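Here is how the chains run, residue by residue.
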Amino acid sequence: MAKVKGSIVIDIEHCKGCEVCIPVCPESVIALAKQVNGKGYRYAQPINDNCTGCTNCAVVCPDGVISVYRVKVTE
Amino acid sequence: MKGNEAIAEAAIRAGCDGYFGYPITPQSEIMEYLMAEKPHERTGMVVLQAESEVASINMLYGGAGCGKKVMTSSSSPGMSLMQEGISYCAGAELPCLLVNVVRGGPGLGTIQPSQADYFQSVKGGGHGDYKLIVLAPASVQEMYDFVPLGFELAFKYRNPALILSDGAIGQMMEKVWLDEQVPRLTNEEVREKYPWATLGKQPGKEKSVVTSLYLESVVMEKINIKLQAKYRECEANEVRYEAIQCEDADYIFVAFGSSSRICQKSIQLGRDKGLKIGLLRPITLWPFPSKVLHDLAGQVKGMLSIEMNAGQMVEDIRLAVEGKCKVEHFGRQGGIIPSPDEVLHAMEEKIIGGK
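Residues numbered from 1 in each chain as written. Chains lettered and ligands numbered in written order. Predicted model: local features only at pLDDT ≥ 70, side-chain atom pairs only at ≥ 80, totals over all residues.

### Points about helix α11 (residues 257-272) of chain B
Residues and elements named next belong to chain B. Compared with the 22 Å implied by 1.5 Å per residue over 16 residues, the 24 Å span of α11 between its first and last C-alpha is a close match. All buried positions along α11 are accounted for by Gly257, Ser258, Ser259, Ser260, Ile262, Cys263, Ser266, Ile267 and Gly270. Once α11 ends, the next one or two residues include Gly274, with phi positive near 95°. (Helix = DSSP H or I, 4+ residues; strand = E, 2+ residues; numbered from the N terminus. Expected span 1.5 Å × (residues − 1). Buried ≥ 20, exposed ≤ 12 C-beta atoms within 10 Å, placed from the backbone.)

Here is the structure:
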């Protein structure tokens, strides 16, 4: 059966580190980075590859900085 | 729209003639938006990144001296640098609009939201006896609305006006109603409306002089008395506030800006528990709604000032209340935003329980 695997790409320069995306991720994929972006905010970044492509994070992001990609993986 | 972007769009649509600023988080989006929107093509408005905050405020002095609608924006450390220029603008009675998107301090501080610049904003901030007209927006819509209002008040009283926002409202995204474009004033219109503007001497007219230097103390005192009379008039006419569920309240929160948004939720939580709580939100921090608070003090049992600082507005509340009811302060500092539960708990502990 085809399984869906997801991956997120974050536009770190436009992320303001508001952390809204972190609690909505069912797989706890996102965390704030230790580094900061050009404005000085700690940006969100993926910390593991458990992403299912549910797009919760992209929906709640007030600045629309998260892009979600989905691929079908056939075993 | 982001709060910062709303300010930038409002400036273009209010017919602002010039923006001079220097980037600093969390208000950089104002200039970024202006640069991207190219207002020099839309309305002819000048947008310039100065070499420093000190330069930008002095550019404002020059622009405002010509009777133009000019504005700048910065965040806490940048505002501190501007204080000298702001004092000069107030001394020379020049109208201009300043925006402070406050971050945590002191020093370089953090880049998270705070309200610790209250004293600096409402007590003058720079040297000499002067006041700024201070507006405190609590939503992105108000960020937008207060730009034309700020210009209106600044020109009415010939005094700098300040929008005291904070990092939360500056970065927050909300829906905004935009107004129609107001055309910029031409030089002829400026000359007619503002005869004090220095746009070149016209034949048959008096020379206009913009200065804050008066070497004779007798003259200087007269200017000071004139300024104070102007401030008293402003205090009498321009107090703005919002009272939420204060009619039947036993206890009230006093909060401005983003703190007042948290308090609105705390009121709901409190009312669910059967506590009659209201909120008084000063919209103009100077002139401060002292009379309203004084009147309210007679009907309520206690007031709690919620601020994202160590207790600044609470002093003005105590002055207004004159001991008629209990006034306490609760706040978080350094960029931490208190939660509605925390605020309600503080009310229960400090005001309702602490008798």
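### So, the domain arrangement of chain B
Residue and element names in this part refer to chain B. Each assigned domain of chain B is listed here: domain 1 (3-171) and domain 2 (242-352). With 25 residues of domain 1 at the interface, the matching set in domain 2 holds 22 residues. Elements with a contribution of two residues or more to the side of domain 1 that touches domain 2: α6 (118-122), β5 (133-135), β6 (161-166) and α8 (167-171). The element best represented in the side of domain 1 that touches domain 2 is α6, accounting for 4 residues. Here the side of domain 1 that touches domain 2 is composed, by residue class, of 15 nonpolar, 7 polar and 3 charged. (Domains from an automatic or database assignment. Contact = placed C-beta atoms within 7 Å. Nonpolar A, V, L, I, M, F, W, Y, C, P; charged D, E, K, R; others polar.)

### As for the sheet that holds strand β7 (residues 241-244) of chain B
Adjacent strands of a sheet form backbone hydrogen bonds with each other and so pair up, either parallel or antiparallel. Residues and elements named next belong to chain B. Spatially, β7-β9-β8-β11-β12 is the arrangement adopted by the 5 strands of the open sheet, whose pairing is mixed. Of all strands in the sheet, those bounded by a partner on one side alone are β7 and β12 (326-331). Looking at each pair of strands side by side, their axes are set apart by 20° on average, direction ignored. Examined bridge by bridge, β7 and strand β9 (residues 277-282) share 4 bridges and lie antiparallel to one another. Within β9, the residue paired with Glu242 across the bridge is Arg281. Set on the sheet, α11 makes contact with β7, β8 (251-254), β9 and β11 (302-307); between it and β9 the angle comes to about 170°. (Pairing = 2+ DSSP bridges. Axes fitted to C-alpha atoms, helices over the stretch in contact; angles between N-to-C directions.)

### Considerations on the interface of chain A and chain B
Between chain A and chain B, the contact holds 6 residues from the first and 5 residues from the second. Class assignment of the residues belonging to the side of chain A that touches chain B gives a composition of 2 nonpolar, 1 polar and 3 charged.

### Points about the environment of Val239 of chain B
Residues and elements named next belong to chain B. Along the chain, Val239 turns up in the loop between α10 (217-237) and β7. Each C-alpha atom, one on Val239 and one on Lys291, is 9.5 Å from the other, the two residues being 52 residues apart in sequence. Beyond its immediate chain neighbours, meaning those up to four positions away, Val239 contacts Thr284, Pro287 and Pro289.

### Thoughts on the packing of α11 of chain B against helix α14 (residues 340-352) of chain B
A packed helix pair is summarised by two numbers, namely the angle formed by the two axes and the spacing between the axes. Residue and element names in this part refer to chain B. At their nearest, the axes of α11 and α14 sit 8 Å apart, and the two run at 65° to each other. For the pair α11 and α14, the crossing hand works out as right-handed. The segment α11 lies against α14, with Ile262, Cys263, Lys265, Ser266, Leu269 and Gly270 engaging Pro340, Asp341, Val343, Leu344 and Met347. Counted by class, the contact of α11 with α14 contains 7 nonpolar, 2 polar and 2 charged residues. (Left-handed = near helix turned anticlockwise from the far one by under 90°.)

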